[in-house]
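# Chains, contacts and geometry: an overview
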Amino acid sequence: MSQTKEYTLSEIAELTGSKIVGNKSSVVNNIATLQNATKESISFLTNKKYQKYIKTTSANAVIVATNFKIDNQKNYLVSEDPYLAYAKLTTLFKKPIFEFDNPTIHPSAVISNRSQIGNDVSIGANVVIGPDCIIGNHVIIKANCSIVQDVEIGEYSVIHNGSVLGSDGFGYAPSKDGYVKIEQLGKLVIGRDVEIGASCTIDRGALDNTEIHNGVKLDNQIQIAHNAEIGTNTVIAAQTGVSGSTKIGKNVMIGGQVGLTGHIHVADGVKITAKSGVTKTVKMANVTLTGNPAAEQKQSLRSQVYIKNLPELEKRVQELEILLQQLSQKA
């Protein structure tokens, strides 16, 4: 049984780049929400709607923004970016699992002798790595993943449980006798420091490669089709589908259950809200899209208002038609 880890506020401030207001020698041993914190907890305030809990929380210390009005009732860690400070703080309290403790290959893993495995790689139970794959240094592949074939994974990347990488893309040519399969001859190239969530599926390319660039973060249950390209530091939430040959730029943020049709481009810095459907190329960088079909957010919201009012507009048109008919009969 692992021992509880304890840290002084001074140690935490150094890790998170925060400024201490209060007792720098005070000790905490867990991180918790404001509502559930104890006297041994450190907590955080990143959303204004939770500010009401500051007065009642039992937390030893709270991470807050630089514009927060400090009182002398508790300890504070003042940060320019409390959410980033919270993210760094979670690394202190992460429970160890075998992949992180001692990089190892589980005895149940099956690895093709035509593939290359780098240094300090962790491969979990029941992982299958097929032919012609290259796994970089310090990569973590968790249990039950299938790295099918022709997959390259850059160093320090993490693949979570049950994901399938390098599977066949969906390609068939119609004929009078049915559909003829198009063999998938390309690769899947995954960059450095990429994190792929549980139960994701990423196809290798048909001819050109499918590419997931450095720093990309994927949530669970995402489908990325053959020859797609995901740009550096793009993040995608759960159940999103990216169709074949679609190119997504750098620093794009995509919400859950978004659908992107094939053979389109999405510019750098675009934000796409949950459940949107992107059917056309997005040329303008740093815009926010919403709706189905997706449009610039303000335009889409205006359209939704018009659609909501259509029944009332129809009723008014019918009343005007009746009135015009009555006036015509009197003339």
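So, how was this worked out
- Residues numbered from 1 in each chain as written.
- Predicted model: local features only at pLDDT ≥ 70, side-chain atom pairs only at ≥ 80, totals over all residues.
- Heavy atoms only, no water.
- Pairing = 2+ DSSP bridges.
- Helix = DSSP H or I, 4+ residues; strand = E, 2+ residues; numbered from the N terminus.
- Buried < 20%, exposed > 50% of the residue type's maximum accessible area, 1.4 Å probe, protein only.
- Polar contact = N/O pair within 3.5 Å; in protein donor to acceptor, adjacent residues only side chain to side chain.
- Axes fitted to C-alpha atoms, helices over the stretch in contact; angles between N-to-C directions.
- Left-handed = near helix turned anticlockwise from the far one by under 90°.
- Contact = heavy atoms within 4.5 Å.
- Nonpolar A, V, L, I, M, F, W, Y, C, P; charged D, E, K, R; others polar.

### What about the pairing of strand S18 (residues 172-175)?
Sheet topology note: the S18/strand S19 (residues 178-181) ladder contains four bridges and is antiparallel. Each residue of the ladder has a partner; that of Ala173, found in S19, is Val180. The antiparallel hairpin formed by S18 and S19 contains two residues in its connecting segment.

### A closer look at the environment of Ser115
For Ser115, the position within the fold is in the loop between strand S8 (110-111) and strand S9 (116-117). The class of Ser115 is buried, set by a relative accessible area of 12%. Along the primary structure Ser115 and Cys133 are separated by 18 residues, whereas in three dimensions their C-alpha atoms are 4.7 Å apart. At 3.4 Å, the side chain of Ser115 forms a polar contact with the backbone nitrogen of Asp132.

### Regarding the pairing of strand S17 (residues 164-167)
Where strand S14 (residues 146-147) meets S17, two bridges bridge the pair, whose relative direction is parallel. Each bridged residue has a counterpart across the sheet, and for Ser146 the counterpart in S17 is Val164.

### Some words on the packing of helix H1 (residues 9-16) against helix H2 (residues 82-90)
Direction vectors running N to C along H1 and H2 enclose 115°, while the axes themselves pass 9 Å from each other. Crossing of H1 over H2 shows right-handed handedness. Where H1 approaches H2, its residues Ile12, Leu15 and Thr16 are matched on the opposing element by Ala85, Lys88 and Leu89. Looking at the contact of H1 with H2 residue by residue, the classes come out as four nonpolar, one polar and one charged.

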